[in-house]
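Descriptive analysis of the structure
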Amino acid sequence: MTNKERSLKNLQKALSMELTAVHQYLLHAHVLDDWGLDKLGAKMREEMQEELGHASVFIERILYLQGEPVVSEQKAPKRAESLEALFTSDLKEENNAIAFYTKAFQEAVEDGDIGTKAIFERIVLDEEGHAEWLDLQLNLLKRMGEPAFISKYMSSSADH
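Just so it is clear, the model here is predicted, and its values are computed rather than measured. (Residues numbered from 1 in each chain as written. Predicted model: local features only at pLDDT ≥ 70, side-chain atom pairs only at ≥ 80, totals over all residues. Heavy atoms only, no water.)

Let us look at the environment of Leu37. Structurally, the position occupied by Leu37 is in the loop between α1 (3-34) and α2 (38-64). With relative accessibility at 2%, the residue Leu37 sits in the buried group. Spatially, the C-alpha atoms of Leu37 and Ser151 are 8.3 Å apart, while their sequence positions differ by 114 residues. With residues up to four places along the chain from it excluded, the contact list for Leu37 reads Leu32, Leu83, Ile150, Tyr153 and Met154. (Helix = DSSP H or I, 4+ residues; strand = E, 2+ residues; numbered from the N terminus. Buried < 20%, exposed > 50% of the residue type's maximum accessible area, 1.4 Å probe, protein only. Contact = heavy atoms within 4.5 Å.)

This part takes up α1. Its 32 residues place the ends of α1 47 Å apart at the C-alpha level, agreeing with the 46 Å of an ideal helix rising 1.5 Å per residue. In the segment just after α1, Gly36 is the residue with positive phi, at about 90°. (Expected span 1.5 Å × (residues − 1).)

The next point concerns the nonpolar core. Across soluble globular proteins, nonpolar side chains show a tendency to be buried alongside one another. Judged by nonpolar contacts, the single largest core of 42 residues is most densely connected at Leu40, Met44, Phe58, Leu83, Phe87, Tyr101 and Phe149. Secondary-structure elements contributing two or more residues to this core are α1, α2, α3 (83-111) and α4 (114-144). Ranked by residues supplied to this core, first place goes to α1 with eleven residues. What Tyr101 contacts, discounting residues up to four positions off in sequence, is Ala14, Met17, Glu18, Phe58, Phe120, Ile123, Val124 and Glu127. (Core = buried A, V, L, I, M, F, W, Y, C linked by side-chain atoms within 4.5 Å.)

Encoded structure:
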């Protein structure tokens, strides 16, 4: 495998991972809205937009390297049945992305692919921020209890 082929393979996998995250956050945003947690649903939409931006960056780089981007998710999103399950599953996916992007970054360094290296370096930092936020939510949920946590993320009926 040439250096370019390895970068293209990693970029394609990253693209599929980001599209999975986009769909997962979209589903979670709607589920949270359905549960009455509109403020948390709005936060999930922000995360979804950031992941969509990452997917666009990966597509641009694949095209620059004269590859053919395959725009498909890695796996189908799954509906969470509780806040804890939602945050736990998203945190797992973010940690998987961090591990993969770190590896892809290191391979791009080995291959002398500075552009791809820079992309993975920037995006892994974004993913670390997502993971940190999700971990905080899990800790708050545990410390505050679900009723107090929920009250933080729902608008009162007067807000509508």
